[in-house]
Amino acid sequence: MEQDEQGKQKTEGFQLREIMQGISSIQTTLANFMLRLDGQGKHLDDITKEIRAKNGIQERLENVQEQANDTIYLVTELQDNQKKMERELNRLRDYVVKLEYRVNTQNNQIIDLKSRSMENNIIISGLEEKSPERKSPENLANILRNVFMSEMGMEEATVNELRINKLFRMGEYDVQRKFPRPICVQFSDKTQKDLVMKHIKVLKEKESVIRVAQQQPEEIRERRKQLYEVQKKYAERSIESKIKGDKLVFTQSNSVYREKVGPLPTADEVITDDVVNTAVSTGKSIEDNGNRFIAHATQVDSYKQIKKSLVDIMRVETVPSASHNIYAYRFSSSDGVVHEGSNDDGEHGAGRLLLKTLADNEINNALVVVSRWHGNNIGPRRFSHIKEAGLGAAKKLPVSV
């Protein structure tokens, strides 16, 4: 019995030691866990301090949010300013279009007033200036009287009844002048003028060097010269036409000739945000006494392309500000016919000259625009500069023949 009791006590002692060892292990584990928790707590405290401290994450986040708000405000402000600028540009565009219309209307009215003021006038050219006339301008009336009777076949009684208000040579006398100065004659009324104009055919029959014509504004005279060139081309194709005023009328159909391209693009066509895709070659800049000339050229093969290219060139920087934008074009259609035309934009004679320059140099399938900014007077030199500038830009095209 005693041995059993001792064995039982030993077993219980052994179990108690195991229990105590387990408790000790649990305490150690708990102690380690508490240490780890304490470390995590300190780490959390450090993170909290970093977040809440000056220049910490929270402050930085607040700064980022503030910057984002500022950016949103600036974007909104820029959008508002852009809309405001668009409204202002639209108003400016409308104003420019309206101003252009008024200027064109006034120019037409001025030309009409010039025509009316010249309604009773004729210009006599080819009449030699002789010494008696220069010594005494009053002799010009007698010279003119002799022209009417001997050269134009008018009766003396009719000539005596003519009532002339003004009679003078145009321009200053220059001994180096190649041709005599034309004479301007202003009659008292249109009937008197028409009476003289009826005898013009006599000069043509005699093949006289003297020419008599109705005085007209320079714009209309230049227009008629252009129409004469067009008329010649139609005559080569056996198409009859007549020039009436500033119009070319086809005899058979009685229809009026219309320009295929017309004047320069309007402000409404030029002032857009469209991107210029046309390949444009630029010539060298020529300067003379405050005047500046520069040309732009591009390849064309149809009237549609010419119109589009004109708009694109007029969008090139500074070109719209030029005093004159003279253009000329030439291209061949599929049937081999050469189509050509020009516009001088108020620089009378320059468009025809530029076109002739292109033709003389066999430049085809090209549109050339020569821009001139006015300075001091340079006389006929301006035409040489226009030719040089235009030809230089045309020859820079990939294919200019």
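Right above here is the structure, for reference.
Residues numbered from 1 in each chain as written. Predicted model: local features only at pLDDT ≥ 70, side-chain atom pairs only at ≥ 80, totals over all residues. Heavy atoms only, no water.

Draft legend 1. Focus on the packing of aromatic side chains. In this structure the tally under the stated criterion is 5 aromatic pairs. Ring geometry for Tyr-234 and Phe-250: centres 4.9 Å apart, planes at 80°, overall edge-to-face. Of this pair, Tyr-234 sits in helix H8 (residues 218–236) while Phe-250 sits in strand E6 (residues 247–250), and the two are 16 residues apart along the sequence. Accessibility expressed as a relative area gives 13% for Phe-250, which makes it buried. A connected cluster of aromatic rings, assembled from ring pairs, spans Tyr-303, Tyr-327, Tyr-329 and Phe-331. Between Arg-292 and the ring centre of Trp-373, over which it is positioned, the NZ or CZ distance is 4.0 Å. (Phe/Tyr/Trp six-rings, centres within 6.5 Å; stacked < 30°, edge-to-face > 60°. Helix = DSSP H or I, 4+ residues; strand = E, 2+ residues; numbered from the N terminus. Buried < 20%, exposed > 50% of the residue type's maximum accessible area, 1.4 Å probe, protein only. Lys NZ or Arg CZ within 6 Å of the ring centre and 35° of its normal.)

Draft legend 2. Highlighting the packing of helix H11 (residues 350–360) against helix H12 (residues 381–394). Packing of H11 against H12 brings their axes to within 10 Å, and their N-to-C directions diverge by 45°. Between H11 and H12, the interaxial angle falls into the category oblique. Once H11 is placed against H12, the crossing between them reads as right-handed. Listed contacts from H12 to Ala-350, Leu-353, Leu-354, Thr-357 and Leu-358 of H11 are Phe-383, Ile-386, Lys-387, Gly-390, Leu-391 and Ala-394. (Axes fitted to C-alpha atoms, helices over the stretch in contact; angles between N-to-C directions. Parallel < 35°, antiparallel > 145°, perpendicular 65-115°, else oblique. Left-handed = near helix turned anticlockwise from the far one by under 90°. Contact = heavy atoms within 4.5 Å.)

Draft legend 3. A look at the pattern of salt bridges. Scanning the entire structure with this criterion turns up 20 salt bridges. A salt bridge links Asp-246 to Lys-247; its shortest N-O distance comes to 3.6 Å. For the salt bridge of Asp-312 with Arg-315, the shortest nitrogen-to-oxygen distance reads 3.6 Å. Ionic contacts of the salt-bridge type, sharing partners, join the residues Lys-190, Lys-193 and Asp-194 into one network. (Salt bridge = Lys/Arg side-chain N within 4 Å of Asp/Glu carboxyl O.)

Draft legend 4. Representation of the sheet that holds strand E3 (residues 183–187) within the structure. Across the sheet, 4 strands lie side by side as E2-E3-E1-E4; this open sheet has antiparallel pairing. Only two strands of the sheet have a single partner each, and these edge strands are strand E2 (164–169) and strand E4 (211–214). Neighbour to neighbour, the strand axes of the sheet diverge by 20° on average, direction disregarded. Here strand E1 (residues 121–125) pairs with E3 via 4 bridges, running antiparallel. Each residue of the ladder has a partner; that of Ile-122, found in E3, is Val-185. Against the sheet, helix H4 (residues 139–151) makes contact with E1, E2 and E3, and its axis sits at roughly 100° relative to E2, the strand it touches most. (Pairing = 2+ DSSP bridges.)

Draft legend 5. Looking closely at the environment of Lys-307. For Lys-307, the position within the fold is in helix H10 (residues 303–314). You can call Lys-307 partly exposed: its relative accessible area is 43%. As a C-alpha pair, Lys-307 and Gly-262 span 45 residues in sequence and 8.9 Å in three-dimensional space. Excluding residues that lie within four positions of it along the chain, Lys-307 makes contacts with Lys-260 and Val-261.

Draft legend 6. Spatial organisation of the nonpolar core. If you look at the biggest cluster of nonpolar residues, it comprises 22 residues, and the most contacted ones within it are Val-368 and Val-370. Of all the elements in the fold, those that place two or more residues in this core are strand E9 (291–299), strand E10 (324–332), H11, strand E12 (366–373) and H12. Of all the elements, H12 adds the most residues to this core, at 6 residues. Once residues lying within four places of it in the same chain are set aside, the contact partners of Val-370 are Ile-294, Ala-295, His-324, Asn-325, Ile-326, Leu-354, Ile-386, Ala-389 and Gly-390. Leu-127, Leu-140, Phe-148 and Leu-162 belong to the second largest nonpolar core, which has 19 residues in total. (Core = buried A, V, L, I, M, F, W, Y, C linked by side-chain atoms within 4.5 Å.)

Draft legend 7. Expanded view of helix H6 (residues 190–197). Burial in H6 covers these residues: Gln-192, Lys-193 and Val-196. All buried residues of H6 lie within an arc of 95° about the axis, which places them on one face of the element. Close packing links the buried residues of H6 with E1, H4, helix H5 (156–161), E3, helix H7 (200–206) and E4. Taking the backbone nitrogen of Thr-191 as reference, a side-chain oxygen 3.0 Å away marks Asp-189 as the first, capping residue of H6. (Arc of directions from axis to C-beta. Polar contact = N/O pair within 3.5 Å; in protein donor to acceptor, adjacent residues only side chain to side chain.)

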